[in-house]
Amino acid sequence: MTVLDSPIPRFHLAMPVDDLAAARHFYGEVLGLEQGRSSDTWIDWNLRGHQFVTHLAPARPQQIHNPVDGHDVPVPHFGLVLAVEEFQQFADRLRAAGTEFVIEPYVRFQGQTGEQWTMFFLDPAGNALEFKAFADDSQVFAA
């Protein structure tokens, strides 16, 4: 089954960026996303079958942080839930690209329900991304 055949609806997310060339490099080269349509003010990206769009918006609101597990988690943030092996490979790709992590990859809830790897980093416009991986995918929504 492909992402397009999935019974789970795909999302559309538009995020502000202050430099389209920097966004094109970061999302296309560093993260490895396939670029779709674009104009002078926006770029479509294929985020695993989801439509992610970077829109030129030079004015940015101040970022908010919430304390979680002794870290200052940036809000808002977005990302994907990956398989653990893929998460580790992706973290290695980011390190090789010189990405500065807001929160380095680490394990939350180790040995507990909902055990997960997580990492946070910013795009060049300051948008926060969180990518994570669950030890047991059936526990993504576990309480």
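Residues numbered from 1 in each chain as written. Predicted model: local features only at pLDDT ≥ 70, side-chain atom pairs only at ≥ 80, totals over all residues. Heavy atoms only, no water.

## A closer look at the nonpolar core
Phase 1: Counting 27 residues, the largest nonpolar core has Tyr 27, Leu 31, Phe 90, Leu 94, Met 119, Phe 121 and Phe 131 as its most contacted members.
Phase 2: Among the secondary structure elements, those contributing two or more residues to this core are strand S1 (12-17), helix H1 (20-30), strand S3 (42-47), helix H2 (84-96), strand S10 (116-122) and strand S11 (128-134).
Phase 3: Once residues lying within four places of it in the same chain are set aside, the contact partners of Leu 31 are Phe 26, Phe 90, Arg 93, Leu 94, Phe 121 and Leu 129. (Core = buried A, V, L, I, M, F, W, Y, C linked by side-chain atoms within 4.5 Å. Buried < 20%, exposed > 50% of the residue type's maximum accessible area, 1.4 Å probe, protein only. Helix = DSSP H or I, 4+ residues; strand = E, 2+ residues; numbered from the N terminus. Contact = heavy atoms within 4.5 Å.)

## Considering H1
Phase 1: For H1, the complete set of buried residues consists of Leu 20, Ala 23, Phe 26, Tyr 27, Gly 28 and Val 30.
Phase 2: The opening residue of H1 is Asp 19, an N-cap whose side-chain oxygen sits 3.0 Å from the backbone nitrogen of Ala 21.
Phase 3: Backbone geometry just downstream of H1 places Gly 32 in the positive-phi region, at approximately 75°. (Polar contact = N/O pair within 3.5 Å; in protein donor to acceptor, adjacent residues only side chain to side chain.)

## What about the sheet that holds S3?
Phase 1: Spatial ordering of the open sheet is given by S1-S4-S3-S2, a layout of 4 strands whose pairing is mixed. Each of the sheet's edge strands pairs with one partner strand only, and the pair in question is S1 and strand S2 (34-38). With direction set aside, neighbouring strand axes in the sheet form an average angle of 25°.
Phase 2: Here H1 sits on the sheet and contacts S1, S2, S3 and strand S4 (50-56); the angle it forms with S3, its principal contact strand, is near 10°. (Pairing = 2+ DSSP bridges. Axes fitted to C-alpha atoms, helices over the stretch in contact; angles between N-to-C directions.)

## Concerning the environment of Ala 125
Phase 1: Position of Ala 125 relative to the elements: it lies in the loop between S10 and S11.
Phase 2: The sequence separation of Ala 125 and Pro 16 amounts to 109 residues, and the corresponding C-alpha distance is 7.6 Å.
Phase 3: If near-sequence neighbours (up to four positions away) are discounted, Ala 125 is found in contact with Pro 16, Val 17, Asp 18 and Arg 60.

## Some points on the pattern of salt bridges
Phase 1: Applying the stated criterion across every chain, the model contains 5 salt bridges.
Phase 2: In this structure, Asp 44 engages Arg 37 in a salt bridge whose closest nitrogen and oxygen atoms are separated by 3.1 Å.
Phase 3: Of the charged contacts in the structure, one is a salt bridge between Arg 48 and Glu 86, with a shortest N-O distance of 2.0 Å. Of the two residues, Arg 48 is situated in the loop between S3 and S4 and Glu 86 in helix H2; the sequence distance between them amounts to 38 residues.
Phase 4: Given a relative accessible area of 41%, Arg 48 falls into the partly exposed group. (Salt bridge = Lys/Arg side-chain N within 4 Å of Asp/Glu carboxyl O.)

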